[in-house]
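# Per-entry structural report
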Amino acid sequence: MTTQVIREAAQVEFSARGLDAPLEAIALAAGVSKGTIYNRFGGRQGLVDAVVEDLVRVKIEQIVAAARAVTDPGERLAAFLRETWRLQFSDPVANDVLTRDHSTSAVIAALCALCSTAGNEFLAQARQERAVNPAVSENDLWMLIRANGAVVRAEGVADRDEHERLCGLLLTGLFTDPR
């Protein structure tokens, strides 16, 4: 029972604050000591791995599915990026998952792979139709997602309209026919 209570508290705290949510806050919300979290999960990374998939996977899958439903390859890629960037703006834990070094977590690496595999597929399709600037590489897509994550974390970019404007500027540079 205690493990489930800790998981639920972690989901709430990570959703609100991102993956750096203090373990003390999670412990307090769960009504346990910080030591209990270490005892049950081995520490922060074990707790993150225990809950992050439940918090992020479905959201990424929904973005990929919605993009797949778009028939035009250029619009498909633009929709994928727009919705990924919106997710980063509105969801601190998803932003952390997509922008952090994932070499220490197989769970986070799998979530990033889900996102990047789809993005690479959509880029290849847009390239085939000559809808995207030919200089854009797979690495560029991932760097744009990471850069957006940094922008989202930056002070002064808490306004959704400003974020949408910045994303629109990025999309303009990607496509041969601006979206």
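Everything below is about the structure shown above.
Residues numbered from 1 in each chain as written. Predicted model: local features only at pLDDT ≥ 70, side-chain atom pairs only at ≥ 80, totals over all residues. Heavy atoms only, no water.

So, about the pattern of salt bridges. Summed over the entire model, instances satisfying the criterion amount to 14 salt bridges. Between Arg100 and Asp96 there is a salt bridge, and its shortest N-O distance comes to 3.6 Å. Judged by its relative accessible area of 26%, Arg100 is partly exposed. The salt bridge partner of Arg153 is Asp96, with a shortest N-O separation of 3.3 Å. Here Arg153 is found in helix H8 (residues 138-153), whereas its partner Asp96 is found in helix H6 (residues 92-99), with 57 residues between them in sequence. (Salt bridge = Lys/Arg side-chain N within 4 Å of Asp/Glu carboxyl O. Buried < 20%, exposed > 50% of the residue type's maximum accessible area, 1.4 Å probe, protein only. Helix = DSSP H or I, 4+ residues; strand = E, 2+ residues; numbered from the N terminus.)

Of note in the backbone geometry, Arg130 takes a positive phi value of approximately 60 degrees without being a glycine. For Arg130, a relative accessible area of 69% puts it in the exposed group.

With that settled, consider the packing of helix H1 (residues 2-17) against helix H2 (residues 23-30). Where H1 meets H2, the closest approach of the two axes is 8 Å, and the angle between their N-to-C directions is 135 degrees. Taken together, the axes of H1 and H2 lie oblique to each other. Crossing angle aside, the handedness with which H1 passes H2 is right-handed. On H2, the residues that touch Val5, Ile6, Ala9, Ala10, Glu13, Phe14 and Arg17 of H1 are Ala25, Ile26, Ala29 and Ala30. (Axes fitted to C-alpha atoms, helices over the stretch in contact; angles between N-to-C directions. Parallel < 35°, antiparallel > 145°, perpendicular 65-115°, else oblique. Left-handed = near helix turned anticlockwise from the far one by under 90°. Contact = heavy atoms within 4.5 Å.)

Burial of H6 is extensive: seven of the eight residues sit out of reach of the surface. Every buried residue of H6 is accounted for by Val93, Ala94, Asn95, Asp96, Val97, Leu98 and Thr99. In this structure Asp91 caps H6, since a side-chain oxygen of it lies 3.2 Å from the backbone nitrogen of Val93. (Polar contact = N/O pair within 3.5 Å; in protein donor to acceptor, adjacent residues only side chain to side chain.)

This next bit is on the packing of helix H5 (residues 73-90) against H8. Closest axis-to-axis distance for the H5/H8 pair is 9 Å, and the angle between their directions is 30 degrees. Looking at the two axes, H5 sits roughly parallel to H8. Seen along the crossing, H5 lies across H8 with a hand that is right-handed. Along its contact with H5, which presents Leu77, Leu81, Thr84, Trp85, Gln88 and Phe89, the element H8 presents Leu141, Leu144, Ile145, Asn148, Gly149 and Val152. A class-by-class count of the residues in the contact of H5 with H8 yields eight nonpolar, four polar and no charged. (Nonpolar A, V, L, I, M, F, W, Y, C, P; charged D, E, K, R; others polar.)

Okay, the packing of aromatic side chains next. Summed over the entire model, instances satisfying the criterion amount to one aromatic pair. Between Phe80 and Phe122, the ring centres sit 5.4 Å apart and the planes meet at 65 degrees, which makes this aromatic pair edge-to-face. On the criterion of sequence distance, the pair formed by Phe80 in helix H5 and Phe122 in helix H7 (residues 106-128) is long-range, its members being 42 residues apart. There is no split in this pair, since Phe80 and Phe122 are both buried. (Phe/Tyr/Trp six-rings, centres within 6.5 Å; stacked < 30°, edge-to-face > 60°.)

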